[in-house]
Amino acid sequence: MSQKKQLNIALIGTGFMGRTHSNGYRRIPNFFPDLQYQPVLKTVCSRNEEKTRAFAEQWGYEKVETDWKKVIADSSIDAVDICTPNDTHAEIAIAAAERGKMVLCEKPLARTLAESKTMVEAIEKAGVANTVWYNYRRLPAVTLAKQIIDSGKLGRIFHYRANFLQDWTINANLPQGGAGLWRMDADVAGSGVTGDLLSHCIDTAIWLNGSISNVTAMTETFVKERMHQLTGKVEKVKIDDACAFLCRFENGSLGLFESTRYARGHKALYTFEINGENASIRWDLHDLNRLEYFENSDDSQLRGWRSIHVTDGEQPYMNKWWVPGLGIGYEHSFVHQVADFLRSLENNTPCSPTFREAYETQAVCEAVLSSAAAGTWENVNFAIK
Ligand SMILES: NC(=O)c1ccc[n+]([C@@H]2O[C@H](COP(=O)([O-])OP(=O)(O)OC[C@H]3O[C@@H](n4cnc5c(N)ncnc54)[C@H](O)[C@@H]3O)[C@@H](O)[C@H]2O)c1
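Predicted model only: the values in this text are computed from it and were never measured.

Participant: Please explain the UniProt feature "domain: Gfo/Idh/MocA-like oxidoreductase N-terminal" (unreviewed entry) in the chain as it appears in this structure.
Facilitator: According to UniProt, the feature "domain: Gfo/Idh/MocA-like oxidoreductase N-terminal" (unreviewed entry) maps to residues 7-132 in the numbering used here. Each end of residues 7-132 is marked by a C-alpha atom, and these two atoms are 18 Å apart; helix forms 45% of the span and strand 23%.

Here you go:
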């Protein structure tokens, strides 16, 4: 008889993230058999019944629902996983927390800081386990970067630089809104690249280099009007197509961030570089198993950027996978987040980033957008009274 504790999961939303999360849960019994909690794919919910049924069959969910409120009301569900567009996060998360469910919510936490605040308050009042899917932290090379920085090897940090570049919205005839294109509709997404892409860069930056104190930003919407898929009318585009900002971190270092969906040739180029007094680190999502590292104290004849293939069993997460030298992929960041969430239940510790930590990222996004609108430096305020 298995001594495992079962954790009944309800997944809401069956698009891109619905797939990555489902895969994450399914890999746990095979690759993390030591965990006490094992996820059970109990219910999947999306609005189209036929498509949801096909998804349930494909991924092995026991039950299908088309109304998330019924999912929340089901007493057999332990944890609700929110993989729907940003305008639904707050309502679902708050309702789930009020029912005593654990909540795993996709990023960004919500459309605005005000909406995010209601979520943090509800989740903390309910005292339920929670996490937000800023998954890039859990790629082994990024986690190794965190360990190197925390060990003090970089010394004082001077610079943090990050980019997240795409090119999928350059076509001026691309409509906005509706299925598949909700990211182009500010009423649903909250913002454009700031909430969608820079939020990832900001989460990683805060994790690696500490809090951001103030920002100055510029945004641009290159295509001003687009056909809205739902209304059929040409409407004003209210999202930021591109955003760049400068910032100061609390540790005194300077930050430079850029994101756009207009960088022709780049599909999902996320890179960061950190320059310290003694050493530097850089990482590139296109070569995600690799961390580049430069250490000034190396023998001057041999000194140069080291290219570390992060696939050794002693490096983060890698003892769970294959043998040294064999890489893993994007999808594993989600498997690792599920594993870390389950481990946090075992240990009764928070699973970072929690809603409160994701609120700080949201506060930076809000300051960035305010700064771009006003043309001023803005302080980042993430205190919740
Ligand atoms: N962590 C990451 O790297 C990452 C990557 C992509 C998206 N995301 C986030 O994940 C969320 C979903 O993005 P996506 O790319 O999977 O979107 P998607 O458009 O591919 O899928 C959205 C799903 O939600 C369903 N849905 C919408 N409204 C619903 C409702 N009221 N009730 C039930 N189901 C509903 C849709 O039918 C669809 O199945 C967003 O918040 C997005 O920002 C995160």
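Participant: When you look at the pairing of strand E8 (residues 212-220) in this model, what are you seeing that I'm missing?
Facilitator: Looking at chain direction, E8 and strand E11 (residues 242-249) are connected through eight bridges and run antiparallel. Bridging across to E11, Val-215 finds its partner in Cys-247. Note that E8 and strand E17 (residues 378-379) share two bridges and pair antiparallel. Across the sheet, Asn-214 pairs through a bridge with Asn-379, a residue of E17.

Participant: Even after reading the chapter, I still don't get the packing of helix H8 (residues 193-209) against helix H10 (residues 355-374), so can you show me in this structure?
Facilitator: Each packed pair of helices is defined by two parameters, the angle between the axes and the distance between the axes. Across the interface, H8 lies against H10 with an axial gap of 9 Å and an inter-helix angle of 125°. It follows from the interaxial angle that H8 and H10 lie oblique. As H8 runs across H10, the sense of the crossing is right-handed. Residues Thr-194, Gly-195, Leu-198, Ser-199, Ile-202, Asp-203 and Ile-206 of H8 touch H10, and the partners they reach there are Glu-360, Thr-361, Val-364, Cys-365, Val-368 and Leu-369. Partitioned by chemical class, the residues of the contact of H8 with H10 number seven nonpolar, four polar and two charged.

Participant: Explain the nonpolar core here, please?
Facilitator: Nonpolar side chains in soluble globular proteins tend to be buried together. Grouped together as the largest cluster of nonpolar side chains are 104 residues, with contacts concentrated most on Ile-12, Val-80, Ala-93, Val-103, Met-119 and Val-368. For this core, the element with the highest residue contribution is H10, accounting for 10 residues. Mapping this core onto the domain boundaries places at least three of its residues in each of domain 1 (5-135) and domain 2 (136-379). Apart from residues no more than four positions distant in its own chain, Val-368 is found in contact with Thr-194, Val-215, Ala-217, Cys-243 and Phe-245. Listed in part, the five residues of the second largest apolar core include Met-184, Ala-186, Val-237 and Ile-239.

Participant: Honestly, helix H5 (residues 113-126) in this entry has me stumped. Any pointers?
Facilitator: Owing to its 3.6 residues per turn, the α-helix aligns residues three or four sequence positions apart on the same side. The end-to-end C-alpha distance of H5, which contains 14 residues, comes to 20 Å, matching closely the 20 Å that a straight helix rising 1.5 Å per residue would cover. Each element contacted by the buried residues of H5 is listed here: helix H4 (89-98), strand E5 (102-105), strand E6 (130-132) and H10.

Participant: Can you help me understand the sheet that holds strand E14 (residues 279-284) in this one?
Facilitator: The pairing of strands in a sheet happens through backbone hydrogen bonds and is either parallel or antiparallel. Taken together, the nine strands give an open sheet; going across it, the order is E16-E15-E14-E13-E7-E12-E11-E8-E17, and neighbouring strands pair in mixed fashion. Each of the sheet's edge strands pairs with one partner strand only, and the pair in question is strand E16 (306-309) and E17. Taken together, the five bridges between E14 and strand E15 (residues 290-295) define a ladder with antiparallel strand orientation. Each residue of the ladder has a partner; that of Arg-282, found in E15, is Glu-292. Where helix H6 (residues 140-150) meets the sheet, it contacts E14 and E15, and its direction lies at approximately 165° from that of E14. Across the sheet, H10 is in contact with E8, E11 and E17; its angle to E8 comes to roughly 50°.

Participant: When you look at the UniProt feature "domain: GFO/IDH/MocA-like oxidoreductase" (unreviewed entry) in the chain in this model, what are you seeing that I'm missing?
Facilitator: Under the local residue numbering, the UniProt record ascribes the feature "domain: GFO/IDH/MocA-like oxidoreductase" (unreviewed entry) to residues 144-282. With 20% helix and 37% strand, residues 144-282 has its two end C-alpha atoms placed 11 Å apart.

Participant: Explanation requested: the domain arrangement of the chain in the structure shown.
Facilitator: Interfaces are frequently sized by the accessible area removed from exposure as the parts join. For the chain, the assigned domains read domain 1 (5-135) and domain 2 (136-379). With centres defined by C-alpha atoms, the gap from domain 1 to domain 2 works out at 23 Å. Taken residue by residue, the interface counts 37 residues in domain 1 and 38 residues in domain 2. Of all the secondary structure elements, the ones that give two or more residues to the side of domain 1 that touches domain 2 are helix H1 (16-31), strand E2 (37-45), H5 and E6. Top element by residues in the side of domain 1 that touches domain 2 is H1. It accounts for eight residues.

Participant: Help me understand the pairing of strand E4 (residues 79-82), please; the structure alone is not making it clear to me.
Facilitator: Sheet faces and side chains relate simply in a regular strand, where the side chains alternate between the two faces. Here E4 shows a buried face lined by Ala-79 and Asp-81 and a second buried face lined by Val-80 and Ile-82. Examined bridge by bridge, strand E1 (residues 5-12) and E4 share four bridges and lie parallel to one another. Opposite Leu-11, over in E4, you have Asp-81 as the bridge partner. Pairing geometry for E4 and E5, over four bridges, is parallel.

Rules of the game
- Residues numbered from 1 in each chain as written.
- Predicted model: local features only at pLDDT ≥ 70, side-chain atom pairs only at ≥ 80, totals over all residues.
- UniProt positions renumbered as here; feature names shortened; annotations may be inferred.
- Helix = DSSP H or I, 4+ residues; strand = E, 2+ residues; numbered from the N terminus.
- Pairing = 2+ DSSP bridges.
- Axes fitted to C-alpha atoms, helices over the stretch in contact; angles between N-to-C directions.
- Parallel < 35°, antiparallel > 145°, perpendicular 65-115°, else oblique.
- Left-handed = near helix turned anticlockwise from the far one by under 90°.
- Contact = placed C-beta atoms within 7 Å.
- Nonpolar A, V, L, I, M, F, W, Y, C, P; charged D, E, K, R; others polar.
- Core = buried A, V, L, I, M, F, W, Y, C linked by C-beta atoms within 7 Å.
- Buried ≥ 20, exposed ≤ 12 C-beta atoms within 10 Å, placed from the backbone.
- Domains from an automatic or database assignment.
- Expected span 1.5 Å × (residues − 1).

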